[in-house]
Every structure is written in structure tokens, then in C-alpha cells.
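Here is how the chains run, residue by residue.
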2 protein chains.
Amino acid sequence: MALVVMKFGGTSVANIERIRNVAQHVKREVDAGNQVAVVVSAMAGATNQLVGFVREVSPLHDAREYDAIVASGEQVTAGLLAIALQTIGIRARSWQGWQIPLETDTAHGAARITKVDAGRLVERVAGGEVAVVTGFQGIEPTHGRIATLGRGGSDTSAVAVAVALNADVCDIYTDVDGVYTTDPRIVPEARRLSRISYEEMLEMASLGSKVLQTRSVELAMVYGIKLRVLSSFAAPDSIKPVSIGNLQDLGTTVCSEEEIMEGQVVSGIAYAKDEAKVTILKVQDKPGIAARIFGPLAEAGINVDMIVQNVTPDGAHTDMTFTVGANELPRALQVLEKVKQDLGYLDVRSSADVVKVSIIGIGMRSHAGVAAKMFQILSDKGINILAISTSEIKVSVLINSDYAELAVRTLHEGFGLDAT
Amino acid sequence: MALVVMKFGGTSVANIERIRNVAQHVKREVDAGNQVAVVVSAMAGATNQLVGFVREVSPLHDAREYDAIVASGEQVTAGLLAIALQTIGIRARSWQGWQIPLETDTAHGAARITKVDAGRLVERVAGGEVAVVTGFQGIEPTHGRIATLGRGGSDTSAVAVAVALNADVCDIYTDVDGVYTTDPRIVPEARRLSRISYEEMLEMASLGSKVLQTRSVELAMVYGIKLRVLSSFAAPDSIKPVSIGNLQDLGTTVCSEEEIMEGQVVSGIAYAKDEAKVTILKVQDKPGIAARIFGPLAEAGINVDMIVQNVTPDGAHTDMTFTVGANELPRALQVLEKVKQDLGYLDVRSSADVVKVSIIGIGMRSHAGVAAKMFQILSDKGINILAISTSEIKVSVLINSDYAELAVRTLHEGFGLDAT
């Protein structure tokens, strides 16, 4: 007997027929003797409708009220799935975040889970009842208000519930059948990865591969929760029920590095289109200048990603290039305009016509020359690199967005990721 | 300064424009220095959509899950109205039933309010913040689950909040501008009543006049809460703000008998179409027979209304006629079939082609001959009476539904209710 947490996203519960299908996936696990908690998102479209209502009332709205409103979507799905399960003879009840309680901090709209007080949940699940938990939300205990975890937050809810229940596995059912070496819409030769390390998945997620929310992977890594990415569109009886000691590799398993036998040097190619490039021309090159540029941006809550600094020929000035999220570009330019006097720069140029392409792989740690190979491959195609950033297991380059698909395809082939 | 509870139903909050209009009604009271709590229903159509989802999953569903699902409608409206109020400079926050908490019994789907622990609500409202409360729902404290109060339950929520806050008035904003002497769709001469007693309103409500939920009127009567029925479609500035000691008669005021100067003998004519008639033919007329018929029906949760018993010519048998809600007729017939052996009756006849027409008025208490006058008016039009029931302030007759409109019109005129 295993304890399984199953998470189903919005497209997996988009209508009553799909919810019935989810119930069959759950039934398979229950019939195999497993204890089950299910975490559900809102029905596809429901959250957008609710967000639309909020924006129609006011573009500037109280985040606490926003949360109270949008959290209702998951409440509907949880109740409907509980009924669907009961209808096929499975004991089940819905749990809203505040009922568990799943506690969060006060950062409404993007709250972090602080504590899951799962005593009652553990008891009921141990008693054989399926717990259907609302994803995406918890309760902020100081004021007793509903707080949501931000888009994709149901993944994090699922991992938090898995941690609280000490689950054997957390299966994330989604509309794709796993994590791919790159986006199959761009590279038809992309292969599904049967295993990927938490670290690689984190880089993939943060670089725009939208399969899992970044925080859910972090949480799974910290607590050693094995994640599997599976397709909810697969026939329920085509998947083998979870069995401890014989946990099949279905879809993609996200696990610790040690559990991955043959680590490839590069596991995947990610790209992020929602980047914007800002260049500050001819800033005076004096000590502390970086702090005086990036300090005000940080205070305004703007995330700066890649940073490149060039000294101009005269030696007294520098050009500073960095990237921010494309949606944060207008605010970033405002901030820079405000501090122009203080910084004494010549001009600011910006462009959203850029894309960040990254190669990711834990094998890079022990292999030299991976970055050089990447630059060579791009150079061979005449693709100009605007900025570079690296981590232990990742190399990212910023390029003109016209070359995005070409770069991804060429790198995928060049690093031997194409399906044979 | 007055403390005002304002309740807005589904059509009054049907879309964002209507919600903004509601915010203006609230602003009028706040600007006048009043303290305000608002109780809201789900946006028109929202509850039906949610109920539709539930029924699509299963016609026989867990009432606790049903409640968790349908309660989400009011949560959306409460949040949206709070934001709409903030947008026009009014401090406001939403309160879900469980956050107050507004406690109920365990009768999910038709729960009764048992306690409103309004300490925090009182504090915040006294501090000048508008409380926007979700109607229709509370929390069942033993298991911590959401419970709904049944259709129209938001009226009862509003009165319960008014009791807890010791409000000066509970204004029920709806899509009509008050309570009428009868349904104006049937009798264009119907007049709006400026005042009506709790007792009369109770009879009107229980007899199918859908302006207020019966339980809300009971609760208002017990605690002496003055109710006003107003139109939310009136321009917000066309209504004078509440002022203690000078509480204008707007719409219809529901209050105690003593506050009504000139009580009419008959205040209104109500009719209920959703009645069904059952006749049990030739039951053995022995002691305790009524208990053996109506006991099993009560056990099955079927409400029996009018009862008529005729002794048949042979003296040993009786025909028993009674009415039940039309939607309960199939179940009632099942119950009777089960006890046929025990009762030893000849046959059961039933018909849903009946309507109950009632005259209501506190003046009846001191005026004789009101029932006789009613029977004469109907007789003059050749309308046959199938059953009769009376209370201190009401006479009801069951007639063939073909004559419903004729009966209502003729009685309205006959008792001098037509507008002059």
C-alpha cells in the first residue's frame, strides 16, 4: 500500500466529463489499496472569468478580495470531484485550504505556504477516505483571510500536501505526458525525458518551461518528494497503480540526481520569450554605480536577470545592459527616468525583441567546454549573442527573437537530443 | 447615525455595472454617517450554473459537497462589491459565513442559523468599515463545513446579521419596489403596501409571494427588526439615507402590528401554484387512521398542508383529501402505496391541477364574516372550492387551477384592494 498525492490541473477538470475521468484515475489507485489525496485546480477558464470580473471592477484592487474571489474556482472543482467519486462508490470529501488548515504568509496573490496542519487530513486519509483538496489557496492565519499562491500554485499545494501526508509520490497530471528535451511544437524531434533531476527541472521551470511551478519543485527537492508528470488524458486503465518499491517510470519522474543512472551532459533546451533588454548608455564608471542602478529597480520589485557591463573606449564611462520581464519593462524605464539625474547617463535603449535560450544539464558540472560548444553552434548559424549568464548546470544566452526557433532546433540537434 | 443592514439579491448584483450601482446605494448611507453591513446573493444565474454542475455529476449528491460548491457564488459577489466600494473611496472588506463565524445546524442545503458570533464584525463596522457579508451560508461548527440556508436564504442571513449588529433597520433591496396587495402580473390594479405586519408578511411569504424568505420574516418578528423592501433599480440618490427617528416609509415596511395605523381587514391576496391534491378513497374510518396516514408521510419528510375528511354514506369509511407540494407528489404516492395494506383503502387519486388562493389580513381577527364573504365571491363566479383551511389572519381555498387568475382578480376587487 502506498500513499499517493494526485494533482489535476485546469484542463484535466475542464468539464463534468473530464472530472468523471479524473475520478476513474483516482479509483484505479483506491482499488489497488492505496491511500489517496487529490489536489485540484479550477475548471479551465473559471479562474480567467473571475480575474476578468475583478479587473472590470477595478484594475487596482485589494489583493485580499482578489484572493477571496478567485479561490472560489477550486472550491467548485473539489466539491464536484468529491461527488463524482462518491457516485462510483468511493468515500471522499472536499477540503478547502482554510479547512485543513493550509497556512500561508500575508503575500496575497503570491503567498507562500508556511505550515500545513494536516492532523485531521492524515486521520481521514488513513481511514481510507479520499481527500479532495482545493489547490492554489490557503489561509493567512493572522487575519483569517483566504490567500492564493499565484498562477500554477496548485502544483505547490500538491507537494505541500504530499509533505504533510508523508506521501510516497506526488503525481502531477497535466495535459502533456511529461517533460520534454525542448518544446515539441518547435522541435518535432524532442524526446520525453523519463527522469530529470530537481535541479534541472528548476532551471527548466524558471526558464519558461511551464510544466511545473518553480516553487513546487523547490519544495519537492527540499523534502525529497518524488514528483511524476503524467497525462490525465491517458486512459485511466492504461496507467499502472502506484506500488511502493516498484514505482514505474511513467511520464517524467523528477527525482534526486543520485536516482538518475546515465546523466546526459545536456538534458534539455529551454527558452523564455517574455524578456526585455535594457541598455543604459554612457553611465559614469565610478564605484557603486551598479548598486545605484539596480538598487532602485529592486526597491520597485523589478526582477533583473542577465547583466552585462561594457567599458566604453574613453574608459570613464560604461554601457550597462540587463534584462527584465517584458511586462515589467515600462516600470523599469520609469524607475530609470527618475534616477537619471543621480546616475548621469546619456540615454536608455530598450527592446522586447529578445529571447533567452538556455541549455540545461547536471552533466555540465563534470564536463568542460559545454558553453564553448553552445557558442560555436550559434555562431555557425550566424546568431549574435547579446548577453550571457551561467550557473553550474545551465548556460543562457540572450539573442534576437527572430532566431529563437533556429537556435533551439540547432542546439537540440547539436547536443544530441534529437530522437533517433 | 444609524446602523443599517442592506441586502441585495441576485438580480441586483447580476453584473459589474449592477454591482457598481449597489456600491452607490451603500455610499449614500456611508456619506450620511451611517454604519453599514451589506449582505449579498450570488450574481443572477451563478447559483443555477453551479447547481447544474452538481446535478450533471449526480442527481443524488452529498449535501455537504453541494453546499461547498454553491456557496462559492456569494463569495465572488462579496469580494467584487468590496472592491467596488474601495474604488469609490469607501473602506470595506468581505466576510464569508465561516469567517464571521455565522454558525448553523447540520441540515446542509436548508440549514438554520444557530448563532452569529459577530464580535469582530461589530468592531470593524463600529470603526466605520463596511462589512460585505456572503448571504445564504454559514459554517456548521462540529465538522467545520460550509452549510447553506436554502433558496432565498440571503434574506435570513441579512436579518441574522441585523440581529447580531443590533441594527436599526434591515433594508432588503430587490427587483420589485415593495410588497403588493397581490401579484401585479395578474391584477394590474394591485397596490403597493406601505406597511405590512410581520404576521401578514409571513402568510404572504409562505403562500408563494416570493419577495422575502419566510424564515427571515420569522427571525425579524422574534427580534423586532424592522424590515424594508426596496428596489435596487431605483436611482441611488432617489432614496433618502436612513435616519433614526425619521425612518421613511419607502417601498414596503414590515413591522409590528402596533406600528400600523389603519389596519385593513384584508391586506393581500396570495396564491400558490405548486400544490398537488391527493385523495384517498374509502379508508376504514377507525380511530387513529389519520395518524397512520400522515405519520409515514411526515417520516418521509413530506409536508402536508390542507386536510379535508369526508365520511362516506356507509359510515364505516372515509375519504381523506390533502395537499402536498407538487414536487413531493411522486414521493407521497410511493409512501401511500407502501402502507396500502395497513390502511386498507380502496384507491388513491391525485392531481396537480390545483391552486391555493388565500386572503390575508390582521383585521380578520376583529371582523367576522370575512371567510363567508370570500366563499360568496367565489361562488358568484361559479368557482368550486375543493378544500379550505384557515388561520387567525388567513383563509385559504384550494380551487381548480383554471380559475386561479379569475379568483385572485375577483377577490382583489371584492375586498376593496384595487387601486382607485
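The shown structure was predicted, so the numbers you read here are calculated from the model rather than taken from an experiment. (Residues numbered from 1 in each chain as written. Chains lettered and ligands numbered in written order. Predicted model: local features only at pLDDT ≥ 70, side-chain atom pairs only at ≥ 80, totals over all residues. Heavy atoms only, no water.)

J.: In this structure, what is going on with the side chain of Lys226 of chain A? I would like to understand it.
T.: Residues and elements named next belong to chain A. Counting through the fold element by element, Lys226 comes out in the loop between α8 (214–223) and β11 (227–231). According to the relative accessible area criterion, Lys226 is buried, its value standing at 19%. Separated by 2.9 Å, the side chains of Lys226 and Glu259 make a polar contact. (Helix = DSSP H or I, 4+ residues; strand = E, 2+ residues; numbered from the N terminus. Buried < 20%, exposed > 50% of the residue type's maximum accessible area, 1.4 Å probe, protein only. Polar contact = N/O pair within 3.5 Å; in protein donor to acceptor, adjacent residues only side chain to side chain.)

J.: Explain the interface of chain A and chain B to me, please; I cannot follow it from the model alone.
T.: A common measure of how large an interface is: the accessible area buried when the components associate. Taken residue by residue, the interface counts 37 residues in chain A and 37 residues in chain B. With both chains or domains summed, chain A and chain B bury close to 3,100 Å², and 61% of this area falls on carbon and sulfur atoms. Run the count over chain A and chain B and you get zero salt bridges. The interface formed by chain A and chain B contains eleven residue pairs in polar contact (both at pLDDT 80 or more). Of all elements in the fold, only α1 (16–31), α2 (46–57), α3 (63–70), α4 (72–87), β3 (92–95) and β8 (145–148) of chain A reach the threshold of two or more residues within the side of chain A that touches chain B. For the side of chain A that touches chain B, the element with the highest residue contribution is α4 of chain A, accounting for ten residues. Among the residues forming the side of chain A that touches chain B, the class breakdown is 18 nonpolar, twelve polar and seven charged. (Contact = heavy atoms within 4.5 Å. Buried area = accessible area lost by both parts, 1.4 Å probe. Salt bridge = Lys/Arg side-chain N within 4 Å of Asp/Glu carboxyl O. Nonpolar A, V, L, I, M, F, W, Y, C, P; charged D, E, K, R; others polar.)

J.: Teacher, can you tell me more about the packing of aromatic side chains here?
T.: Residue and element names in this part refer to chain A. Applying the stated criterion across every chain, the model contains five aromatic pairs over all chains. An angle of 15° between the planes, with centres 4.6 Å apart, marks the rings of Phe8 and Tyr173 as stacked. Taken together, the residues span a long stretch of sequence, with Phe8 in strand β1 (residues 3–8) and Tyr173 in strand β9 (residues 169–174) at a distance of 165 residues. Taken individually, Phe8 and Tyr173 each receive the classification buried, so the pair is uniform in this respect. (Phe/Tyr/Trp six-rings, centres within 6.5 Å; stacked < 30°, edge-to-face > 60°.)

J.: Even after reading the chapter, I still don't get unusual backbone geometry, so can you show me in this structure?
T.: Among all residues except glycine, the phi angle is most often negative; among peptide bonds, the trans geometry is most common. All names here are of chain A. At the junction of Ile100 and Pro101, the peptide bond is cis and its omega measures out at -15° in the coordinates. Within the fold, Pro101 resides in the loop between β3 and β4 (102–104). Non-glycine residue Lys282 carries a positive phi angle of around 50°.

J.: How do you make sense of the UniProt feature "binding site: ATP" (unreviewed entry) in chain A when you look at a structure like this?
T.: All names here are of chain A. This chain's UniProt record puts "binding site: ATP" (unreviewed entry) on Lys7, Phe8, Gly9, Gly10, Thr174, Asp175, Tyr180, Arg185, Lys210 and Val211. Spatially, the listed residues are scattered: they cover 205 residues, and their C-alpha atoms lie as much as 24.7 Å apart. Relative to the helices and strands, Gly9 is located in the loop between β1 and α1. A relative accessible area of 11% places Gly9 in the buried class. Ignoring any residue separated from it by four or fewer positions in sequence, one finds Gly9 in contact with Ser41 and Tyr173. With sequence-adjacent residues up to four places away left out, Gly10 is seen in contact with Ser41, Ala42, Met43 and Ala44. (UniProt positions renumbered as here; feature names shortened; annotations may be inferred.)

J.: Sorry, what's going on with α3 of chain A here?
T.: All names here are of chain A. Burial within α3 is extensive, with six of its eight residues counted as buried. By the burial criterion, the buried members of α3 are Glu65, Tyr66, Asp67, Ala68, Ile69 and Val70. Among the residues of α3, the N-terminal cap falls to Asp62, whose side-chain oxygen and the backbone nitrogen of Arg64 are separated by 2.9 Å.

J.: Even after reading the chapter, I still don't get the pairing of strand β1 (residues 3–8) of chain B, so can you show me in this structure?
T.: On any regular strand, side chains alternate: one points to one face of the sheet, the next to the other face. Residues and elements named next belong to chain B. Of all six residues that make up β1, six are buried, and the element is covered over most of its length. Both faces of β1 are covered, namely the face carrying Leu3, Val5 and Lys7 and the face carrying Val4, Met6 and Phe8. Sheet analysis places β1 next to strand β2 (residues 35–40), joined by six bridges and oriented parallel. Within the sheet, the bridge partner assigned to Leu3 lies in β2 and is Gln35. Note on the crossover from β1 through helix α1 (residues 16–31) to β2: the handedness is right-handed. Summarising the sheet, β1 and strand β9 (residues 169–174) pair through five bridges and their orientation is parallel. Bridge pairing in β9 links Val5 to Cys170. (Pairing = 2+ DSSP bridges. Right-handed = clockwise from strand over helix to strand, strands pointing away.)

J.: Just to check I follow, could you spell out the relation of the copies chain A and chain B for this structure?
T.: For the pair of chain copies, the relating operation is a rotation around an axis with a shift along it. Expressed as a screw transformation, the operator carrying chain A onto chain B has a rotation angle of 180° and an axial translation of 0.1 Å, and the superposed copies differ by an RMSD of 0.2 Å. Expressed as a symmetry operation, the mapping of one chain copy onto the other fits a two-fold axis. Minimal C-alpha distance to the rotation axis in chain A is attained by Ser72 of chain A, lying at 2.6 Å. When you check the interface residues of chain A against chain B, 100% turn up at the interface there too, and the contact is symmetric in its surfaces. (Least-squares fit on C-alpha atoms with pLDDT ≥ 70 in both.)

J.: What am I meant to see in the state of the cysteines here?
T.: A disulfide bridge is the covalent bond that connects two cysteines by way of their sulfur atoms. Residues and elements named next belong to chain A. Inspection of the entire model under this criterion finds zero disulfides over all chains. We note that Cys170 lacks a disulfide partner, and the nearest cysteine sulfur, in Cys255, lies 14 Å from it. Look at Cys170 and you get buried, because its relative accessible area is 0%. (Disulfide = S-S within 2.5 Å.)

J.: I'm lost on the pattern of salt bridges in this one. Help?
T.: Side chains that differ in sign of charge can pair as their charged atoms come close. Residue and element names in this part refer to chain A. Applying the stated criterion to the full structure yields 36 salt bridges over all chains. With its nearest N and O atoms 2.8 Å apart, the salt bridge here joins Lys27 to Asp31. Of the two residues, Lys27 and Asp31 are both situated in helix α1; the distance of four residues between them amounts to about one turn of the helix. You can call Asp31 exposed: its relative accessible area is 54%. A salt bridge links Asp171 to Arg228, with the shortest nitrogen-to-oxygen separation between them at 2.8 Å. Placement of Asp171 in strand β9 and of Arg228 in strand β11 is noted, with a sequence separation of 57 residues between them. Since its relative accessible area comes to 1%, Arg228 is described here as buried. Three or more residues joined by partner-sharing salt bridges are found here, namely Glu257, Arg365 and Glu392.

J.: Looking at this model, I keep getting lost on the sheet that holds strand β10 (residues 195–197) of chain A. Mind explaining?
T.: Two strands in a sheet stick together by hydrogen bonds in their backbones, pointing the same way (parallel) or opposite ways (antiparallel). Residues and elements named next belong to chain A. The mixed open sheet is built from eight strands, whose spatial order is β3-β6-β2-β1-β9-β11-β12-β10. In this open sheet, the two strands that pair with only one neighbour each are β3 and β10. Going across the sheet, the axis of each strand differs from the next one's by a mean of 20°, ignoring polarity. Direction of pairing for strand β2 (residues 35–40) relative to strand β6 (residues 130–134): parallel, over a ladder of four bridges. Following the sheet pairing, Val39 is matched in β6 by Val133. Sheet strands in contact with helix α5 (residues 119–126) are β1, β2, β3 and β6, and its direction is about 165° off that of β3. Of the strands in this sheet, β1, β2, β6, β9 and β11 are in contact with helix α6 (residues 153–165), which crosses β1 at around 170°. (Axes fitted to C-alpha atoms, helices over the stretch in contact; angles between N-to-C directions.)

J.: What is the right way to read the packing of helix α12 (residues 370–380) of chain B against helix α13 (residues 404–414) of chain B from this model?
T.: The angle between the axes and the distance between the axes are what describe a pair of packed helices. All names here are of chain B. At a minimum axis separation of 10 Å, α12 and α13 run at an interaxial angle of 130°. On the basis of their axis angle, the class for α12 and α13 is oblique. Seen from above, α12 lies across α13 with right-handed handedness. Here Lys373, Met374, Ile377 and Leu378 of α12 lie close against α13, whose contacting residues are Ala407, Thr410, Leu411 and Gly414. Within the contact of α12 with α13, the residues separate by chemical class into five nonpolar, two polar and one charged. (Parallel < 35°, antiparallel > 145°, perpendicular 65-115°, else oblique. Left-handed = near helix turned anticlockwise from the far one by under 90°.)

J.: Just checking my understanding: could you explain the UniProt feature "binding site: substrate" (unreviewed entry) in chain A for this structure?
T.: All names here are of chain A. The sites that UniProt annotates as "binding site: substrate" (unreviewed entry) are Thr47 and Glu74. Spanning 28 residues, the named residues form one tight spatial group whose C-alpha atoms are at most 8.6 Å apart. With respect to the element layout, Thr47 can be found in helix α2. Assessed through its relative accessible area of 13%, Thr47 is described here as buried. When neighbours within four sequence positions are excluded, Thr47 is seen to be in contact with Ala42, Glu74 and Arg151. Among the secondary structure elements, Glu74 is positioned in helix α4.

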